[in-house]
Structure formats: C-alpha cells, structure tokens
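Coordinates in review
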Amino acid sequence: MFEKISVILHSVSQQMVMKLKDNIYLQLFSTFFKIGSFTFGGGWAMISIIQREIVDKHHWIEEEEFLDLLAIAQSMPGILAVNISTVIGDRLRGIKGSVAAALGTILPSFIIILMIAIFLTPDTIKNDPTLTAIFKGIRPAVVALIIAPVITTAKSAGINLKTVIIPIAVALLIYSGWPVISNPVVFIVLGALGGYLYFTHRHMEQRMEEKEC
Amino acid sequence: MLTTYLRLIWAYLQIGLFGFGGGYAMLSLIQRLVVGNDWCPTITSQTFTDIVAISQMTPGPIGINSATYIGYVATGSVLGSIVATFTVVLPPFVLMLCASHFIARHQESAVIKGSFMGLRPVVVGLIASAALLLMNKENFGSTSMEVIKSVAICLASLGTVYFTKIHPILVIIAAGIIGYLIF
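Before going into details, it helps to say that this report is about the structure given with it. (Residues numbered from 1 in each chain as written. Chains lettered and ligands numbered in written order. Predicted model: local features only at pLDDT ≥ 70, side-chain atom pairs only at ≥ 80, totals over all residues. Heavy atoms only, no water.)

**Focus: the overall build of chain B**
The secondary structure content of chain B amounts to 9 helices and 0 strands. In sequence order, chain B lays out its α and β elements as α-α-α-α-α-α-α-α-α. Taken over C-alpha atoms, the radius of gyration comes to 20 Å for chain B, far larger than the 16 Å a tight globule of 183 residues would show. Along the longest, intermediate and shortest principal axes, the C-alpha atoms of chain B span 55 × 55 × 25 Å. In chain B, which comprises 183 residues, the share counted as buried stands at 54%. Once local pairs closer than 6 in sequence are excluded, the contacts in chain B between residues at least 24 apart make up 48%. Carbon and sulfur atoms make up 71% of the accessible area of chain B, which amounts to about 8400 Å² in all. (Helix = DSSP H or I, 4+ residues; strand = E, 2+ residues; numbered from the N terminus. Rg over C-alpha atoms; globule rule 2.2 N^0.38 Å. Buried < 20%, exposed > 50% of the residue type's maximum accessible area, 1.4 Å probe, protein only. Contact = heavy atoms within 4.5 Å. Areas by Shrake-Rupley, 256 points an atom, 1.4 Å probe, with all protein chains shown as cover.)

**So, the pattern of salt bridges**
Across all of its chains, the model carries 8 salt bridges over all chains by this definition. Note that arginine 52 of chain A and aspartate 56 of chain A form a salt bridge whose closest N and O atoms lie 3.7 Å from each other. With arginine 52 of chain A and aspartate 56 of chain A both in helix H3 (residues 43-57) and 4 residues apart, the pair spans about one turn of that helix. What makes arginine 52 of chain A buried here is its relative accessible area of 15%. Here lysine 136 of chain A and glutamate 146 of chain B are joined by a salt bridge, their closest N and O atoms 2.7 Å apart. Remark: glutamate 146 of chain B occurs in helix H8 (residues 144-163) and lysine 136 of chain A occurs in helix H7 (residues 129-156); the pair is interchain, linking two chains. What makes lysine 136 of chain A partly exposed here is its relative accessible area of 29%. Several salt bridges share partner residues, and in doing so they unite Lys34, Glu53 and Lys57 of chain A into one network. (Salt bridge = Lys/Arg side-chain N within 4 Å of Asp/Glu carboxyl O.)

**Comments concerning the interface of chain A and chain B**
It is common to report an interface's size as the accessible area lost on association of the parts. At the junction of the two partners, chain A supplies 94 residues and chain B supplies 88 residues. For the chain A and chain B pair, buried surface summed over both sides reaches about 8500 Å², with 79% attributable to carbon and sulfur atoms. Here chain A and chain B share 3 salt bridges between them. At the junction of chain A with chain B, the criterion picks out 14 residue pairs in polar contact (both at pLDDT 80 or more). The biggest single contributor to the side of chain A that touches chain B is H7 of chain A, with 25 residues. Its residues assigned to classes, the side of chain A that touches chain B comprises 63 nonpolar, 19 polar and 12 charged. (Buried area = accessible area lost by both parts, 1.4 Å probe. Polar contact = N/O pair within 3.5 Å; in protein donor to acceptor, adjacent residues only side chain to side chain. Nonpolar A, V, L, I, M, F, W, Y, C, P; charged D, E, K, R; others polar.)

**Comments concerning the nonpolar core**
For soluble globular proteins, nonpolar side chains are generally found buried alongside one another. The biggest cluster of nonpolar side chains holds 110 residues, and the ones touching the most others in it are Ile50 and Ile88 of chain A together with Tyr12 and Val34 of chain B. Top contributing element to this core by residue count: helix H5 (residues 80-119) of chain A, with 16 residues. Not counting residues within four places of it along the chain, the set of residues in contact with tyrosine 12 of chain B comprises Ile30, Val34, Ser66, Ala67, Ile70, Ala84, Thr87 and Val88 of chain B. (Core = buried A, V, L, I, M, F, W, Y, C linked by side-chain atoms within 4.5 Å.)

Written as structure tokens, this is what we have:
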C-alpha cells in the first residue's frame, strides 16, 4: 500500500519537475536571475553572460539579432539591463516572456540591496578589507567582460576594413566626453539614418541596373 | 507619509523615463531629484555616495539598487522599496514593449532594415566606449602596483572568455578569489 503510494508520488513529482524544466517562462526567469546575480558594472557587463546563455547555450536568438535587440534596448530610456531582458523576453514569448525575463533581472539586485538596507550599515561594507580586496579583483575582470563582446559583435556585424572606422570613431568620440558629440543618442540617430539612406540608395541602384538589362 | 510615497513615485517615474545612457548617466538625475529634498531628509549626499559604493560591490543595475535602497531609507518600510523599484522599471518597460512590437511588425520595411544595418557597427562602438570609460582609477587602482595587477587580471579574463568555453560567471568568481589573494 505505502509502496504503491510512494511510487505514484514519485512519478507525479518527477512529472512536475519535467514540466517545470520545460516551462519556457521559468527558464527565462531563471536564466535572467542567474545573469542578474552576476552583473557587476551595469548593463554592458551583462552582454558576455547573455551571449553565452541566450545565444550559445539555449540558442534562443541569433548573434546578429542579438545586436539589433541591443540597439533597441540602448535607444530607449531606462535601465539598460532591464531593457535588454525585456526585449529578449518579448521576442521569445511576448509580454509574458518579457515580464519573466525582467523580473529575473531585477529580483537578485532588489533582494540583496533590501537585505543590506535592513541589516547592514553602509560603512561596514565599505570598510571591510576582505570585500574590498575581492572587488579589486572583480572590477578589472568586468572590464574584460565588456571588451570580449566588442570583438565577437564586430564579427557578427560584418565589420570589414572599410567599415571598421565607424565603431572606432563612435567609441573614441563618446570617450572624449565633448559636449553633444559624446552623447550615444547622437550616434544611434546618425547610424539609423545613415543605414536607411545607404539601404535605399543601394536598392535604387539595383533597380536601375535591372532596368538597363 | 502618503506624500512621501507620492514624491518617491514622482521622482522615480522621472528617473526611469529620462534615464538615457546607462547607470552612471542616471546618477546625476537621481542626485538632483532625490538628494537634499525636503520630502526625504534621511537621504543626504553621504547616503548617496554610500549607495554608489554599495552598487559597485553588489550585482545588479545601479538604477535598481538606488531605487530599492532609497525607497527603503526614505519611507522606512519594505513597501517603499517595492514602490520605488516598480516605478523606475515600469515606464521604460512599457516603452520597450511598444518599440519591440513596432519593430517586429515592420521588420521587412526599408526603414527598419536599413536602420539596423547602420546601427550594427554603431552598437559595436557603443560597447567599446563602455569598456574604455570603465578603464579608470576606480576599476584599475591608482598605484602602479595596483594597475599592473588589475591589467593582468583583465587580460587573463579576456583571454579566458574569448578563447575558452569557460562561463563568464566563473571568470568573475575566479577574479574575486584572485583579488582576495593578491590585494
């Protein structure tokens, strides 16, 4: 009798675990929870981890599409990390998917900061020599996590010797800190406008050639 | 009490809506709208620098971190944290969904196709600029010994992420352990 019950319970629980594992919303949530838990240094540092998880491991989106989604996320106001997860979740499973992904990104940070606000005074963290040493090691690694996708995205963006001047100029001008011209929004507008003009121009040329034939 | 909540919501709605250009650009907005205002006397400029320091030591976007922390300190309750975090996220979330749906619907149009073709090299430049801007004293140290150690960690991490299949999360953990050992 008891054996039977335990066998039934076992199979039921296994079915539930399987169902949970197959649930795409739960997968989205847990993937972005993981990403959110290890994102030091803001949204740009997420890119390496997102690439590994979303593009390489789960194959949810292609590298090239990832770059387009990144452009959308960057051109909207708000927190970059949340924007990226929203747009990826939406592309995969619509609004429900974006809620799952955004919640996953927000929750780790929310829980950790709330614990600190309730239980710790900021000074105990700031003056802790162990934590300070650990974070001296983490910060340069985070910079590396942002350099790596520069190379990988340059490949998937199809950058060649002729177009390599665009990312270099954009990076240096933003870095310069000059007024107006160091604003990323300027380059997003110029990039979209330039791309559109080039695209339609090429289209027209192709049509002209077809007519001549 | 209610006015504190309303002011908190108003401040973080603005921060969410006008916060272009990532966490550090958002900081100046937070500073102007929250620090030294009469509705939140508990938030001083000292609290503000604390939040920045804590944000650098904990995972997560600085916009979320500051909303959670300031929401709690200003109201003295967890509800304040939830309210502030929710209001900073909601407007951009809705805008993102609209943009994403609009772009998906017009994916085949010349405007969208052409724009993204031009945007791709720009995004590569944006990521590169983020990396350049972070190569500063705060992240690489100020003494030459610190800089040498930091650059070594940075290069080793870069090689690992680029050439191996080792997960970036493991690289962060390893860098933390190495930092503990050598700093």
